[in-house]
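# Structural features, examined
In case you want the letters, here they are:
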2 protein chains.
Amino acid sequence: MTHLEATGRRKRGRPTQEERERRRDQILDAAVSLFVAKGFGQTSIDELAAAARVTKRTIYTYFGDKAEVFTAAVERFRVSALAQLTAEDESLTDVATRLVLVLHSDEAVGLHRLMIAEAPQFPRLAERFYASGPLGYIELLSSLLDAEGAPPDAAADGRAEALFGLLLGEPHRRRLLGLAPAPTPAEARRHARAALRLVVGEGDGAG
Amino acid sequence: MTHLEATGRRKRGRPTQEERERRRDQILDAAVSLFVAKGFGQTSIDELAAAARVTKRTIYTYFGDKAEVFTAAVERFRVSALAQLTAEDESLTDVATRLVLVLHSDEAVGLHRLMIAEAPQFPRLAERFYASGPLGYIELLSSLLDAEGAPPDAAADGRAEALFGLLLGEPHRRRLLGLAPAPTPAEARRHARAALRLVVGEGDGAG
DNA sequence: CTATAATGATACGAAGTAGTGTCATTTTTT
DNA sequence: AAAAAATGACACTACTTCGTATCATTATAG
């Protein structure tokens with residue numbers, strides 16, 4: 001609608017509320033991409049500005065700080081992943097498969113790696129990340145396991161945690177180290193079923 | 001033996017072979033400590049020199065490069081951990097418990113985190129790290145599981161990998177994110193037994 | 001219409017850092 | 001005894017980077 005949209009020239013002037021949000025996302029998109037590719041410390045604000053097609057000045061008006069760009073990027077991913085999680089209602093196998101796929105995606109692995117790398121610098125963010133990431137998924141699995149009518153083990157509390165650990169497992173570690181590509185849907189499903197077999201036993205025909 | 005050893009003054013002059021090794025270790029000790037505490041990028045050579053009680057010049061004669069200091073530190077840990085691994089002969093429960101303890105130690109977790117953080121910059125090192133770290137442990141577990149006379153599952157190949165993943169599990173992830181202290185020996189043992197129970201079944205009285 | 005917020009462009013300051021050069025000094029090596 | 005190797009001390013260069021300042025320009029808000 002703005003009369004310069006078709007041209008390559010970028011307009012300057014007071015932006016509308018919607019444009020501000022778009023621009024914010026634009027900056028964070030570039031930030032995630034660069035941080036994941038090169039790391040937080042190795043990414044300069046100038047690079048980020050160039051990648052986001054924005055000037056450095058703009059970044060500092062949106063985020064006061066380089067660290068704040070980082071926390072904002074992680075926070076955005078965090079809340080979006082949480083929202084995506086809580087609005088689901090499938091079978092256990094399906095949920096497990098989807099979890100494997102999502103958690104091994106480039107974005108999730110990249111941010112996970114980033115969070116591990118920068119955890120000493122951002123301890124509070126690391127806490128939030130873990131609480132609404134892994135912990136949230138474990139709680140979901142736990143409720144699903146209860147609903148599935150699991151045998152009343154003495155160590156029933158740790159089963160969801162073990163299941164989550166199995167769903168990630170070594171493939172996820174290899175991904176964190178950059179040693180493997182993301183799994184295909186078929187591989188993810190196979191992996192999920194193997195993990196479930198180990199935790200809930202042989203019979204789970206809900207696939 | 002050197003005639004200035006008692007005084008605080010450090011000598012200068014051509015060092016003996018043994019002294020060179022000691023000094024090299026001294027530098028790498030400081031490097032590991034600093035890298036783990038502050039990260040690779042956030043540690044300057046000057047800091048490292050001060051911490052190792054050595055001048056910057058010396059660091060550059062031993063290692064030509066800052067990156068080479070990093071690879072040397074990881075390599076030293078890598079081979080020492082591998083040597084420590086291959087010279088053992090215990091019961092499955094004992095090995096699992098020791099694995100839990102070792103892999104959750106400050107040094108192991110710190111280097112693991114460091115390796116994840118810098119993997120994009122040092123891909124070949126990451127490969128070696130994984131091959132002689134996790135992969136080595138998995139092979140060890142696999143041979144022990146075979147010796148233990150495991151049921152001839154169709155998915156017998158993945159059991160050692162699953163066991164290893166369970167031995168680390170969420171506690172290890174929390175450690176990577178700086179959210180938990182190292183486990184006590186009792187906790188490690190309990191964790192190891194729970195993991196074994198899940199993988200090899202109920203009966204494992206070898207504790 | 002008027003005031004205002006935001007941006008592009010660009011330069012700049014301050015600080016930190018990797019890596020090198022120099023040189024005297026001391027100890028090992030031969 | 002003489003040569004060589006290595007170190008401490010320290011300055012120094014070249015470069016990068018964060019964050020700020022300036023200022024004209026333009027579109028939105030009221």
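Residues numbered from 1 in each chain as written. Chains lettered and ligands numbered in written order. Predicted model: local features only at pLDDT ≥ 70, side-chain atom pairs only at ≥ 80, totals over all residues. Heavy atoms only, no water.

## Examining the overall build of chain A
Looking only at helices and strands, chain A has ten helices and zero strands in total. Taking the intrachain contacts of chain A between residues at least 6 apart in sequence as the baseline, contacts between residues at least 24 apart amount to 69%. Surface accessibility of chain A: about 10900 Å² in total, with carbon and sulfur atoms responsible for 51%. (Helix = DSSP H or I, 4+ residues; strand = E, 2+ residues; numbered from the N terminus. Contact = heavy atoms within 4.5 Å. Areas by Shrake-Rupley, 256 points an atom, 1.4 Å probe, with all protein chains shown as cover.)

## Digging into the protein's contact with DNA strand D
DNA strand D sits among 24 residues. The nearest are A:Gly13, A:Lys56, B:Arg14, B:Thr58 and B:Tyr62. In this structure, a sugar or linking oxygen belonging to DNA strand D sits 3.2 Å away from a side-chain N or O atom of A:Arg14. One of the backbone nitrogen or oxygen atoms of A:Ile45 is found 3.0 Å away from a phosphate oxygen of DNA strand D. Counting only elements with at least two residues in the surface near DNA strand D, the list comes to helix H3 (56-62) of chain A together with helix H1 (17-38) and helix H3 (56-62) of chain B. (Near = heavy atom within 4 Å. Polar contact = N/O pair within 3.5 Å; in protein donor to acceptor, adjacent residues only side chain to side chain.)

## Remarks on the interface of chain B and chain A
Counting from both sides, the interface comprises 31 residues of chain B and, opposite them, 31 residues of chain A. Counting each side, the surface lost to burial between chain B and chain A is near 2800 Å², with a carbon and sulfur contribution of 68%. Broken down residue by residue, the surface that chain B buries against chain A is led by B:Tyr130, B:Arg173 and B:Leu177, which jointly contribute 23%. Seen at the junction of chain B and chain A, the total is two salt bridges. The partner of A:Arg174 in a salt bridge is B:Glu161, with the nearest N and O atoms 3.6 Å apart. Linking chain B with chain A are four residue pairs in polar contact (both at pLDDT 80 or more). Elements with a minimum of two residues in the side of chain B that touches chain A: helix H6 (106-118), helix H7 (123-132), helix H8 (134-147), helix H9 (159-176) and helix H10 (185-200) of chain B. Top contributing element to the side of chain B that touches chain A by residue count: H9(B), with twelve residues. Here the side of chain B that touches chain A is composed, by residue class, of 21 nonpolar, four polar and six charged. (Buried area = accessible area lost by both parts, 1.4 Å probe. Salt bridge = Lys/Arg side-chain N within 4 Å of Asp/Glu carboxyl O. Nonpolar A, V, L, I, M, F, W, Y, C, P; charged D, E, K, R; others polar.)

## Quick word on the relation of the copies chain B and chain A
The pair of chain copies shares a relation made of a rotation about an axis and a shift along it. Under the fitted operation, chain B is carried onto chain A by 0.0 Å of movement along the axis and a turn of 180 degrees, and the coordinates agree to an RMSD of 0.1 Å. What the superposition gives is, in effect, a two-fold axis relating one chain to the other. Every residue of chain B has its C-alpha some distance from the rotation axis, and the shortest such distance is that of B:Ala117, at 2.2 Å. An overlap of 97% is found between the interface residues of chain B and their copies at the interface of chain A, pointing to a shared contact surface. (Least-squares fit on C-alpha atoms with pLDDT ≥ 70 in both.)

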